[in-house]
Amino acid sequence: MAEKRKNFTSKLGVVLAAAGSAVGLGNVWRFPTEVGNNGGAAFILIYLLCVLGVGVPVMMSEFLIGRHTHANTITAFSKLAPGKWWRIEGVAGVFVAFLILSYYTIISGWTLYYLVQSLKGSLLVSQDYSAYFSSFVSNSYIPLLYAVVFMLMTHLVIARGVQSGIERFSKIMMPLLLLIIGVLVVCSFGMPGAGTGLRFLLKPDFSKVTASVVLSAMGQAFFSLSLAMGCLCTYASYFTPDTKLVKTAFSVCSIDTFVAILSGFIIFPAVFSVPNVNPDEGPGLVFVTLPHVFNTAFHSLPLLGYLFSGLFYLLLLLAALTSAMSLHESVTAYVIESFNIRRQKASALVSFCCMALGVLCSLSFGVLSDFTVCGLTIFGLFDFCASKIIMPAGGLIICLFTGWYLDRKLVYNELTNGETVPFRMFRVYVFLIRYVVPIAIILIFINELLG
Ligand code: PFF
């Protein structure tokens, strides 16, 4: 027999769980990489506009769909539009959450490995970090072992349910994460390259801004805010009737952006403290460049180096865990409610199936690296389908659904808790969701496919 549906018990729990979903590898790893590749502060400014103009309205829409229906994403769309094809967005959301969880777990496993190596003292020894990383990820067993441990951690939280699992752990992990960020920012500001790093981050160079930079910023905002994957819709289905949706969306977007920018404040001063290291190293930034930076910068103070790198990878791990929880919950909620089975069983099933798919993703860095589809490895293919096709398409459907299909009165009532909370910008919201965001998403879509 499936469990009775529960809600989050406090406002803080709501904000921290949703912010936990948003704050993830996308903030600490992907955002600084994008800033490095796209010319620093100009990218940040454009990103802020994307969060405000696109991220906040789409998040509000997901919240209202979830809270109005109190159901998993697929059922939510079926309830609001019975018998209509809009349900496809629910199906895509659950499917893409499953797909992302399978490869997100692999990268999170790498993070766990780097954390363990940092603590053991075997990461910060002079070595070729590029070769170190390649030999680790191409190994057939070790990355998988760490991914399994990470999946187990996620599983244990989800199996405990909404209140004693997701809410309780988010309330522990998110403050810890913010504390670690604070400590690391202070340490980073004390490094010799702090001035150059901060200048790189704060001085906008608009000559670098092209259409593709704008579109990258929007894609980053979607990924970072966990939009269009059913996760926030599922979490919102556990919101109570008095949760203020507009305020919550603003809080979550602010926390997410704050963490992304602070991650830049941690990484760039460190990167600029070591000669011959570029800020635009791409995805290797966290697993190749940073260990080298930690090792070189703290050569004469190895203890501080262990502490800095240990805290950094712990930060990455916590961020990944709270995001993985939301991806897992999006699928688990569907399995519980559609097949009417107990939470423990449903979450075990999801963990197992995701891990099975994760094995293929992990091996695609080693023995399966020659197996490609349209020139992409299995990992690349999953990432491409999830973040470049299904995600923008899902975002578009959510906007069209709330902006054009849903009754305006229903939308207004949900966003104002039955007209008890004022929402003066409702017209702006409707304009954004009807016209601006769909056009922006279509542009990302075309750019991603052509790029
Ligand atoms: N927002 C997460 C991050 O920034 O890493 C990733 C993510 C989580 C994407 C949940 C999508 C999602 F549904």
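It should be noted that the structure appears before, not after, this text.
Figured I'd write up the structure that's included with this text.

1. Remarks on empty space enclosed by the protein
Logical step 1: By the definition in use, this model includes two cavities of 30 Å³ or more.
Logical step 2: Looking at the largest cavity, its volume works out to about 140 Å³.
Logical step 3: The wall of the largest cavity is formed by 16 residues, among which Ser21, Tyr104, Phe223, Ser226 and Ser323 lie closest to the centre.
Logical step 4: Among the secondary structure elements, those contributing two or more residues to the lining of the largest cavity are α1 (11-22), α2 (25-37), α5 (87-120), α10 (211-224) and α14 (302-339).
Logical step 5: The computed volume of the second largest cavity comes to approximately 40 Å³.
Logical step 6: Contributing to the lining of the second largest cavity are Thr402, Gly403, Leu406, Asp407, Arg408, Val411, Tyr429, Val430 and Ile433.
Logical step 7: Looking at the lining of the second largest cavity, the elements that each hand over two or more residues are α16 (378-405), α17 (408-415) and α18 (426-450).
Logical step 8: Grouping the constituent residues of the lining of the second largest cavity by class yields five nonpolar, two polar and two charged.

2. Structural notes on the site of the ligand
Logical step 1: Taken together, 15 residues lie near the ligand, and Ala22, Gly26, Tyr104, Phe223 and Cys231 sit nearest.
Logical step 2: A distance of 3.0 Å separates a nitrogen atom of the ligand from a polar atom in the side chain of Ser226.
Logical step 3: Relative to its unbound accessible area of 340 Å², the ligand is 100% covered by the protein chains.
Logical step 4: In this structure the site holding the ligand corresponds to the largest cavity.
Logical step 5: Breaking the shell around the ligand down by element, the ones donating at least two residues are α1, α2, α10 and α14.
Logical step 6: Grouping the constituent residues of the shell around the ligand by class yields seven nonpolar, eight polar and no charged.

3. Side note on the packing of aromatic side chains
Logical step 1: For the structure shown, the criterion picks out 41 aromatic pairs.
Logical step 2: Centre to centre, the rings of Trp404 and Tyr435 are 5.6 Å apart; their planes meet at 85°, and the pair counts as edge-to-face. One end of the pair, Trp404, is in helix α16; the other, Tyr435, is in helix α18, with 31 residues separating them in the sequence.
Logical step 3: Note on Trp404: relative accessible area 43%, which makes it partly exposed.
Logical step 4: One Lys or Arg, Arg30, reaches over the ring of Phe223 and ends 4.6 Å from the middle of that ring.
Logical step 5: The ring of Trp404 has Arg434 sitting right over it, with the charged end atom 3.8 Å from the ring centre.

Criteria and thresholds
Residues numbered from 1 in each chain as written. Predicted model: local features only at pLDDT ≥ 70, side-chain atom pairs only at ≥ 80, totals over all residues. Heavy atoms only, no water. 1 Å grid on protein atoms, 1.4 Å probe; cavity = no way out; pocket = protein on both sides within 12 Å on 5 of 7 lines; lining within 4 Å. Points joined across faces, edges and corners; volume = space filled by probe spheres on them. Helix = DSSP H or I, 4+ residues; strand = E, 2+ residues; numbered from the N terminus. Nonpolar A, V, L, I, M, F, W, Y, C, P; charged D, E, K, R; others polar. Near = heavy atom within 4 Å. Polar contact = N/O pair within 3.5 Å; in protein donor to acceptor, adjacent residues only side chain to side chain. Areas by Shrake-Rupley, 256 points an atom, 1.4 Å probe, with all protein chains shown as cover. Sits in = over half its atoms within 2 Å of the grid points. Phe/Tyr/Trp six-rings, centres within 6.5 Å; stacked < 30°, edge-to-face > 60°. Buried < 20%, exposed > 50% of the residue type's maximum accessible area, 1.4 Å probe, protein only. Lys NZ or Arg CZ within 6 Å of the ring centre and 35° of its normal.

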